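Understanding the architecture of this molecule
The chain contents come next:
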Amino acid sequence: MADDGAMTAIGVAAPPRIDGTTARGWIQAPAYDLALFVLSPLMGTVAVLWALNLPGGSAVVAATTFLLAIPHYMSSFSFFLSGAHTPVLVTMFLWNIYHVSQQSHGILSIYRRLNNGPPAERSVARVAIVSVNATMALWHAERFTPLYGVLKSV
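Computed from a prediction, not measured in an experiment: that's the story for all the values here.

Focus on unusual backbone geometry
Phi at Asn116 is positive, roughly 55°, even though this residue is not glycine. Relative to the assigned elements, Asn116 resides in the loop between α3 (85–114) and α4 (121–138).

Focus: the side chain of His105
With respect to the secondary-structure elements, His105 resides in helix α3. Judged by its relative accessible area of 3%, His105 falls in the buried class. A distance of 3.4 Å separates polar atoms of two side chains, one belonging to His105 and the other to Arg126. If we ignore the near neighbours within four places in the chain, the residues touching His105 are Arg112, Arg122, Ala125, Arg126 and Ile129.

Looking at the confidence of the model for the protein chain
Looking at the protein chain as a whole, the pLDDT averages 77, with 75% of positions reaching at least 70. Mean pLDDT across the elements of the protein chain ranges from a minimum in strand β1 (residues 7–8), with 44, to a maximum in α4, with 93.

Notes on helix α1 (residues 30–53)
An ideal rise of 1.5 Å per residue puts 34 Å on 24 residues; α1 measures up with 32 Å between its terminal C-alpha atoms. Where α1 bends most, the angle comes to about 35°, and this point is Leu39, followed within four residues by the proline Pro41.

Some remarks on the packing of α3 against helix α5 (residues 145–153)
With their axes 8 Å apart at the nearest point, α3 and α5 run at an angle of 100° to one another. Taken together, the axis directions place α3 and α5 in an arrangement best described as roughly perpendicular. Judged by residue contacts, Thr86, Leu89, Val90 and Phe93 of α3 engage Pro146, Leu147 and Val150 from α5. Among the residues forming the contact of α3 with α5, the class breakdown is six nonpolar, one polar and no charged.

Section: the pattern of salt bridges
One pass over the structure, following the stated rule, counts one salt bridge. Glu121 serves as the salt-bridge partner of Arg112, at 3.6 Å between the closest nitrogen and oxygen. Glu121 gets classed as partly exposed once you look at its relative accessible area, which sits at 33%.

Points about the environment of Gly25
Secondary-structure assignment places Gly25 in the loop between β4 (21–22) and α1. In sequence terms Gly25 and Asn115 are 90 residues apart; their C-alpha atoms lie 5.3 Å from each other. Setting aside residues up to four positions removed in sequence, Gly25 forms contacts with Tyr111, Leu114 and Asn115.

Cut-offs used in this document
- Residues numbered from 1 in each chain as written.
- Predicted model: local features only at pLDDT ≥ 70, side-chain atom pairs only at ≥ 80, totals over all residues.
- Heavy atoms only, no water.
- Helix = DSSP H or I, 4+ residues; strand = E, 2+ residues; numbered from the N terminus.
- Buried < 20%, exposed > 50% of the residue type's maximum accessible area, 1.4 Å probe, protein only.
- Polar contact = N/O pair within 3.5 Å; in protein donor to acceptor, adjacent residues only side chain to side chain.
- Contact = heavy atoms within 4.5 Å.
- pLDDT = per-residue confidence, 0-100.
- Expected span 1.5 Å × (residues − 1).
- Bend = angle between axes of the 7 residues up to and from the residue.
- Axes fitted to C-alpha atoms, helices over the stretch in contact; angles between N-to-C directions.
- Parallel < 35°, antiparallel > 145°, perpendicular 65-115°, else oblique.
- Nonpolar A, V, L, I, M, F, W, Y, C, P; charged D, E, K, R; others polar.
- Salt bridge = Lys/Arg side-chain N within 4 Å of Asp/Glu carboxyl O.

Here you go:
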C-alpha cells in the first residue's frame, strides 16, 4: 500500500503514486487552474464593481452582457417567444441554481479524483454545493419579481 499514499480519516494525506510518478493534483497545472478558477470570477467581480461604482459602468454592463451572458444563455432565449414569461423566468432561475451547482461539483470531482479522494464524499459534496448555491440565490428572492410573485402565491 506504499503507492497509495498515507491514508487519513478524510482521505489521502500524500499524493498517490501512479506508474512510479507522483500525481500532480492539478487539472493541468497550477497556472492553468489559477486562471480558470480564480481569475475568471475575479474578472466578473471587477466588471460588477466597475459597473456599479465607476464611470462607464453601463458600457461594462453592455459588454459583459453581449460578450458573456447572451452567448451563454442563447439557447434559453427561444423560450421567451412562448408568451409565458413568468414560468420561463422562474424555471430559468431555478435551473441556473442547479446548473451552476453541477459545474462546481464537476470541478470538485476532478480534484477529488486527481488526489485520490474517497468516492463516499461525492453525494455529500453535491448536496452541500446545491444547498449553499440555493441559499445564496434565494436569500433575496424579493428582488426577482417573477419568482417572488410565485413564492408569495404559494
